[in-house]
Amino acid sequence: MSIEFGPKYVRAIAPYQGGKPIAEVAREFGLDESNIVKLASNENPLGMPESARQAMLKAVAEIGRYPDSNGFELKAAITAKYGVPPEWITLGNGSNDILELAAHAFVQPGQSVIYAQYSFAVYALATQAVGAQAIVVAAKNYGHDLDAMARAITADTRLIFIANPNNPTGTFLPAAEIEAFLKIVPPQVVVVLDEAYNEFLAPELQYESIAWVRQYPNLLVSRTLSKAYGLAGLRIGFGIAQPSITDLLNRIRQPFNVNSLAQAAAVAALNDSAFLQKSAKVNADGYRQLTQAFDAMDLEYVPSFGNFVLVRVGNEDTAGARVNIALLKQGVIVRPVGNYGLPQWLRISVGLPEENAAFIAALKKILAA
Ligand SMILES: *Cc1c(COP(=O)(O)O)cnc(C)c1O
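The structure reproduced in this document is the subject of the present report.

Rules and cut-offs
- The written sequence of each chain sets the order in which its residues are numbered from 1.
- Reporting in this predicted model follows two pLDDT cut-offs: at least 70 for local features of residues, and 80 or more for side-chain atom pairs to be given and counted; totals over whole chains, interfaces and linings ignore these cut-offs and use all residues.
- Each side-chain value is derived from all of the structure's non-hydrogen atoms; neither hydrogens nor water enter the calculation.
- Definition of nearness: a residue and a molecule or strand are near each other if at least one heavy atom of the residue lies within 4 Å of the molecule or strand.
- By the criterion applied in these results, polar contacts are pairs of N or O atoms within 3.5 Å in which, for protein atoms, one can donate a hydrogen and the other can accept it, and in which residues neighboring in sequence qualify only through two side-chain atoms.
- Method for areas: the Shrake-Rupley scheme with a 1.4 Å probe, in which residue coverage is limited to the protein chains shown.
- Using a 1.4 Å probe on the protein chains alone, a residue whose accessible area is under 20% of its type maximum counts as buried, one over 50% counts as exposed, and one in between counts as partly exposed.
- In DSSP terms, a helix is any run of H or I states spanning at least four residues, a strand is any run of E spanning at least two, and both are numbered starting from the N terminus.
- As used here, the arc belongs to the directions running from the helix axis to the C-beta atoms.
- In what follows, a contact means two residues having at least one pair of non-hydrogen atoms within 4.5 Å.
- Put simply, a salt bridge is a Lys or Arg side-chain nitrogen that is within 4 Å of an Asp or Glu carboxyl oxygen.
- In this analysis, axes come from line fits to C-alpha atoms, helices being fitted only over the stretch in contact, and the angle between any two N-to-C directions falls in the range 0 to 180 degrees.
- Our angle categories are set so that under 35 degrees counts as roughly parallel, over 145 as roughly antiparallel, 65 to 115 as roughly perpendicular, and the remainder as oblique.
- Two helices crossing with the near one rotated counterclockwise from the far one by less than a right angle form a left-handed crossing, whereas a clockwise rotation gives a right-handed crossing.
- Three categories are distinguished: nonpolar for Ala, Val, Leu, Ile, Met, Phe, Trp, Tyr, Cys and Pro, charged for Asp, Glu, Lys and Arg, and polar for the others, with Gly belonging to the last.
- Paired strands are those between which DSSP finds at least two bridges.
- In the cavity and pocket records, a cavity denotes points on a 1 Å grid over the protein atoms alone where a 1.4 Å probe fits but cannot get out, a pocket denotes an open set with protein on both sides within 12 Å along at least 5 of 7 lines, and lining residues are residues with an atom within 4 Å of a point.
- Grid points are joined across faces, edges and corners, and a volume is the space filled by probe spheres set on the points.
- The rule is short: rings of Phe, Tyr and Trp, with Trp giving its six-membered ring, pair when the centres are within 6.5 Å, and they are stacked under 30 degrees, edge-to-face over 60, tilted in between.

### Here's the deal with the site of the ligand
Near the ligand you find G94, S95, N96, F120, N167, D194, A196, Y197, T224, S226, K227 and R235, and these make up its full shell. Interatomic distance of 2.5 Å between a side-chain N/O atom of T224 and an oxygen atom of the ligand. A distance of 2.5 Å separates an oxygen atom of the ligand from a polar atom in the side chain of S226. Protein chains bury 93% of the 380 Å² of accessible surface belonging to the ligand in isolation.

### Considering helix 8 (residues 175–184)
Taken as a whole, helix 8 has its buried residues at I178, F181 and L182. Down the axis of helix 8, the buried side of the element spans an arc of 100 degrees, and every buried residue falls inside it. The exposed residues of helix 8 that point more than 90 degrees off its buried face are A176, K183 and I184. For helix 8, the elements touching its buried residues are helix 7 (146–151), strand 5 (157–163), strand 6 (190–194), helix 9 (209–215) and strand 7 (219–224).

### Quick notes on the pattern of salt bridges
As enumerated under the stated definition, the model contains 11 salt bridges in all. Salt-bridge contacts for K38 lead to E43; the nearest nitrogen and oxygen are separated by 2.9 Å. Between E50 and R53 there is a salt bridge; the shortest N-O distance is 3.1 Å. Pair noted here: E50 and R53 are both in helix 3 (residues 50–59), with a separation of three residues, about one helical turn. Taken together, the shared-partner salt bridges in this structure form one network comprising K20, E24 and E28.

### Overview of the packing of helix 4 (residues 72–82) against helix 11 (residues 260–270)
Helices that pack against each other are described as a pair by the angle of their axes relative to one another and the distance between those axes. With their axes 9 Å apart at the nearest point, helix 4 and helix 11 run at an angle of 20 degrees to one another. It follows from the interaxial angle that helix 4 and helix 11 lie roughly parallel. Where helix 4 crosses over helix 11, the two elements pack in a sense that is left-handed. Touching E73, L74, A77, I78 and K81 of helix 4 are Q263, A266, V267 and L270, all from helix 11. Tallied by class, residues from the contact of helix 4 with helix 11 come to six nonpolar, one polar and two charged.

### A look at unusual backbone geometry
Residues N164 and P165 are joined by a peptide bond in cis, for which omega reads -10 degrees. Examined against the element boundaries, P165 turns out to sit in the loop between strand 5 and helix 8. Here the amide bond leading from N167 into P168 is cis, since omega sits at 15 degrees, within 30 degrees of zero. For Y142, which is not a glycine, the phi torsion comes out positive at approximately 70 degrees. Inspection of the secondary structure assignment puts Y142 in the loop between strand 4 (133–137) and helix 7. By relative accessible area, which is 23% here, Y142 ends up partly exposed.

### So, the sheet that holds strand 10 (residues 308–312)
Pairing within the open sheet is antiparallel, and its four strands lie in the order 9-10-13-12. Every interior strand has two partners, whereas the edge strands, strand 9 (301–302) and strand 12 (335–336), have only one. The strands touched by helix 13 (residues 319–329) within the sheet are strand 12 and strand 13 (345–349), with strand 13 carrying the most contacts at an inclination of about 40 degrees.

### Re the environment of A129
Its location among the elements puts A129 in helix 6 (residues 121–129). The class for A129 is partly exposed, based on a relative accessible area of 26%. Spatially, the C-alpha atoms of A129 and H104 are 8.3 Å apart, while their sequence positions differ by 25 residues. Not counting the four nearest positions on each side in its chain, A129 is found in contact with Y9 and I13.

### Examining the layout of surface pockets
Taken as a whole, the largest pocket spans an internal volume of roughly 600 Å³. In terms of lining residues, the largest pocket is bounded by 26 residues, among which N198, E199, F200, L201 and Q206 are the most central. Among the elements of the structure, helix 4, helix 9 and helix 12 (273–296) are those that each provide at least two residues to the lining of the largest pocket. Residues that form the lining of the largest pocket fall into these classes: 15 nonpolar, six polar and five charged.

### Considerations on the packing of aromatic side chains
Per the counting criterion, the structure on display carries 13 aromatic pairs. Ring centres of F294 and F359 lie 6.3 Å apart, and the angle between their planes is 85 degrees; on these two criteria the pair is classed as edge-to-face. Taken together, the residues F294 in helix 12 and F359 in helix 14 (residues 353–368) connect sequence positions 65 residues apart. In terms of burial, F294 and F359 fall into one category: buried.

### A closer look at the packing of helix 5 (residues 95–106) against helix 10 (residues 243–252)
It is at 9 Å that the axes of helix 5 and helix 10 come closest, and there the two elements cross at 100 degrees. Classed by the angle they form, the pair helix 5 and helix 10 counts as roughly perpendicular. Here helix 5 contributes L101, A102, H104, A105 and F106 to the contact with helix 10, which in turn contributes I245, L248, L249 and I252. Classifying every residue of the contact of helix 5 with helix 10 gives eight nonpolar, one polar and no charged.

Written out as structure tokens, the structure is:
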């Protein structure tokens with residue numbers, strides 16, 4: 001008999017399934033990399049901002065040294081932008097890191113963590129990694145049902161994950177609903193408000209989550225530079241919360257969890273409002289392009305507030321996987337979401353106009369066949 005290492009709850013974890021890398025699809029399907037379109041990981045189709053590239057080139061000279069463990073410059077940039085003191089900021093190796101740190105800092109094995117059905121896969125992973133019990137609350141119209149989530153809180157609940165907008169469904173909770181929820185959550189329960197797609201929200205939908213952080217000591221807001229800021233490959237995100245939360249996150253994070261190139265690039269990107277505006281515009285235009293095509297093809301989709309859209313490509317539970325493979329054969333990488341319990345759907349990241357067009361043409365061909 002072979003030895004089984006580690007606790008049962010670790011062995012039970014199903015690994016995260018990311019978007020297929022371009023090089024892998026090229027190898028598997030015998031395609032030329034330059035002809036492949038990747039709309040699978042909600043990356044910024046503009047790539048990184050030029051300002052970040054320049055900042056990194058400068059920072060390369062010092063790469064022989066350890067990064068600043070406390071991220072002084074980057075925290076200063078975040079302080080300037082969001083008006084929170086540096087003691088309220090935790091830097092993460094991607095915001096994924098912040099989500100993991102929250103689970104490790106606030107939850108013991110056997111305690112419970114609440115998140116919504118069809119919400120970000122990392123919530124389940126972070127919960128399982130600490131041996132906690134997941135309370136998965138049924139979605140309402142593919143989004144969070146905050147009333148039901150509040151009712152699901154038990155005496156041993158320590159953490160609640162909320163994604164706004166949500167991935168992979170793109171749904172959005174208006175500010176008033178979140179605020180009403182924060183009011184009734186017991187003070188010992190930490191609420192992680194994951195705002196990975198915040199920068200894509202139209203101005204009239206933007207809300208002041210940082211003001212809530214001042215009001216609610218149990219609120220942790222997380223942000224990333226992977227999406228609108230175009231720095232996914234660098235792995236940089238941050239959390240904002242009062243020191244009673246931030247102190248603990250900083251104690252358990254790795255001392256050098258954010259590398260020096262990422263820190264330098266993030267400072268430049270946070271100050272690059274022109275790039276951010278351009279990203280939002282490209283996204284809004286591309287979203288319209290994709291959804292107009294879905295309308296014309298009579299395909300159901302979930303209206304999205306992020307940089308991606310969930311579309312139903314068939315009525316059988318094999319549809320998502322089947323159309324996904326057919327798209328791969330044509331060099332288009334999107335994200336199947338069967339692992340989220342959405343086997344009839346695909347998640348399409350918004351790309352450049354020509355990328356969206358290539359996807360639409362491939363999809364039309366497949367669905368007509
Ligand atoms: C993409 C994403 C993140 C974080 O990504 P990082 O690259 O780790 O910062 C976090 N939450 C949601 C909901 C996401 O979709």
